[in-house]
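# Working through the structure, step by step
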Amino acid sequence: MSGDKINLERMMHRLNQLALCSRGSRGITRLSFSRESECANRLVRDWMREAGMVVRMDPLGNVIGRYEGRRPGAPAFLIGSHLDSVIEGGKYDGALGVVAGIEIVQTLRERGLRPDLPIEVIAFCDEEGARFHTTLLGSRAMAGMLREEDLCARDSDGITLAEAMRSFGLDPSRYTDAVRDPQSVAGYLELHIEQGPVLEREDQACGAVSGIAGAARCRFRVEGRASHAGTVPMSLRRDALAGAAEIVLAVERIAGRMPSVVATVGQLRVFPGTSNVIPGAVEGTLDVRSMEDEQRQAALKEICEEAERISRRRGLSFTCRTVMEAAATPCSARLVQAVEEALAKRGLKPLRIPSGAGHDALAMASLTEVGMIFVRCRNGISHHPDEYVAPEDVGTGTAVLLDAVLELTAAETAEKFLNKAVKGANTP
Ligand SMILES: [Zn+2]
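What you are looking at is a predicted structure, and each value in this text was computed from that prediction instead of being measured. (Residues numbered from 1 in each chain as written. Predicted model: local features only at pLDDT ≥ 70, side-chain atom pairs only at ≥ 80, totals over all residues. Heavy atoms only, no water.)

A few words now on the packing of aromatic side chains. Applying the stated criterion across every chain yields a total of four aromatic pairs. Taking the centre distance of 6.2 Å and the plane angle of 55 degrees together, the rings of F124 and Y188 count as tilted. Here F124 is found in strand β4 (residues 119-124), whereas its partner Y188 is found in strand β5 (residues 185-193), with 64 residues between them in sequence. Residue F124 is classed as buried on the basis of its relative accessible area, which comes to 0%. The cationic tip of R114 hangs over the ring face of Y67; the distance from NZ or CZ to the ring centre is 4.4 Å. (Phe/Tyr/Trp six-rings, centres within 6.5 Å; stacked < 30°, edge-to-face > 60°. Helix = DSSP H or I, 4+ residues; strand = E, 2+ residues; numbered from the N terminus. Buried < 20%, exposed > 50% of the residue type's maximum accessible area, 1.4 Å probe, protein only. Lys NZ or Arg CZ within 6 Å of the ring centre and 35° of its normal.)

Pasting the structure below:
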């Protein structure tokens, strides 16, 4: 048995059908707890049943299909990704991982194979946060990280998450029932499009993910003095925007020197923002990410020090406030190894790519060991109608997923995991 047996035609057909569950004519818009997501859930439930799984929906609206293993009472190996999209996003982000998970179970079933461990395929209800502006709702609920106040998050029409859940026939007060017992799961593997250009540069269909980068998000303010654009000589100005421009270039330079760090100023607001007034203040955002937490912290420190130096020289003031900080989440060595072995089996390089974006695996890491497989997407474009994955890459990625899952759900691997779990050493 190997990954060559998957039915690529069936997968592409299913991806096309899911793409029809979308609002509007441009790209894919499938927000959580919408008519479109209900349409996608229905398709996924049907396919899961067709693949021989027992299907349920948990209290948060995550769709879960279970394929029993040969070992009674053994923990389940989880495969998942999300069904929601951003507004006018692409057809593969999230959907590919769900369709791939169903495909590998269906392939096993069609060959009359049952792994030792049960397999569960999960279609998470809300990863992107496009509707309620709070991400990873489905996976955080499963990992026990959803808080009661998350249920009060509102969409742009003022509808709360709790109300949206009720309209979907769910009981929001039962959200803690979605939490999984860590003893009942034996790992989580997610296949997802890369959403970046590394695999394309490496000329390879897929690779293992080393972990999800840690991130810091900051808001900064540069304060100068607004005055008349015509009357104040250049040497007497305290132009906040000219200072901010220098700071943006310093961010690029400092992060550019640190191989594991990426940093971005994504937003600048200029005050008063008029053509005949020298900018008196600028507010901006700074996003710094790295797989190495120390590098991320060092970069942020250096950026702030440099920004203060620039501001002082120009007679400006600089303040910076960190609004979000999350540590890097490494993937489990055991799962990375299984993916690398599956890559090697097909003559592919054992590529390890850090994920700069968050995924459901990030939340699931607080429940169990996680791993991810990235699949190449054209020009690294994602969250956009032009998002595209070549069918042969869908096939290769899914074959690698199947081989890795076969290894991870085999009796002897399970044995090792269970022994470790008993010793309480299975924390990610
Ligand atoms: Zn995604």
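Picking up where we left off.
Before going further, it helps to examine the sheet that holds strand β12 (residues 317-326). In space, the four strands of this open sheet follow the order β9-β11-β7-β12, with antiparallel pairing throughout. Both outer strands of the open sheet, β9 (261-271) and β12, are each paired with one neighbouring strand and no more. Here the strands of the sheet are splayed against their neighbours by 15 degrees on average, with no regard to which way each runs. In this structure, strand β7 (residues 214-223) lies alongside β12, joined through nine bridges in antiparallel fashion. When the bridges of β12 are listed, R221 appears paired with T319. Running at roughly 170 degrees to β9, helix α7 (residues 240-257) makes contact with β7, β9, β11 (281-290) and β12 of the sheet. Across the sheet, helix α8 (residues 293-313) touches β7, β9, β11 and β12, and the angle it forms with β12 is around 165 degrees. (Pairing = 2+ DSSP bridges. Axes fitted to C-alpha atoms, helices over the stretch in contact; angles between N-to-C directions. Contact = heavy atoms within 4.5 Å.)

For the rest of this paragraph, the subject is the confidence of the model for the protein. Parts of the model with low pLDDT should not have their predicted coordinates read in detail. Overall, the prediction assigns the protein a mean pLDDT of 94, with 95% of residues at 70 or greater. Every residue in residues 421-428 is under pLDDT 50, and counting partners more than four places away or in other chains gives eight contacts. (pLDDT = per-residue confidence, 0-100.)

Here we come to the coordination of the zinc ion. Distances from the zinc ion to its protein donors, namely H82 (NE2), D93 (OD) and H192 (NE2), fall within the range 2.0 to 2.1 Å. The motif formed by the donor residues of the zinc ion, counted along the single chain, is H-x10-D-x98-H. Separated by eleven residues along the polypeptide, H82 in strand β3 (residues 76-82) and D93 in the loop between β3 and α3 (95-110) bring together distant segments of the chain. The exposure class assigned to H82 is buried, which follows from its relative accessible area of 0%. The exposure class assigned to D93 is buried, which follows from its relative accessible area of 7%. (Donors = N, O, S within 2.8 Å, 3.2 Å for Na, K, Ca; no water.)

Our focus in this paragraph is the packing of helix α2 (residues 35-50) against α3. At a closest axis distance of 9 Å, the pairing of α2 and α3 adopts a crossing angle of 20 degrees. Accordingly, the angle class assigned to the pair α2 and α3 is roughly parallel. Crossing geometry of α2 relative to α3 is assigned as left-handed. From α2, V44, W47, M48, R49 and E50 reach across to α3, where they touch V98, V99, I102, Q106 and R109. Taken together, the residues of the contact of α2 with α3 sort by class into six nonpolar, one polar and three charged. (Parallel < 35°, antiparallel > 145°, perpendicular 65-115°, else oblique. Left-handed = near helix turned anticlockwise from the far one by under 90°. Nonpolar A, V, L, I, M, F, W, Y, C, P; charged D, E, K, R; others polar.)

A few words on the packing of α3 against helix α11 (residues 391-408). Packed helix pairs are specified by the crossing angle of their axes together with the interaxial distance, meaning the distance between the axes. In the contact formed by α3 and α11, the axes pass within 10 Å of each other and the chain directions differ by 60 degrees. On the basis of the axis angle, α3 is oblique to α11. When you trace α3 past α11, the crossing you get is right-handed. Here α3 contributes L96, A100, G101, E103, I104, T107 and L108 to the contact with α11, which in turn contributes V394, T398, L401, L402, V405 and L406. Broken down by class, the residue content of the contact of α3 with α11 amounts to nine nonpolar, three polar and one charged.

Among the structural elements, R219 can be located in strand β7. We classify R219 as partly exposed; its relative accessible area is 42%. When the C-alpha atoms of R219 and V265 are compared, they prove to be 9.6 Å apart, with 46 residues separating the residues in sequence. If we skip the residues at most four places from it in the chain, R219 touches Q267, G284, T285, T319, C320, R321 and V323.

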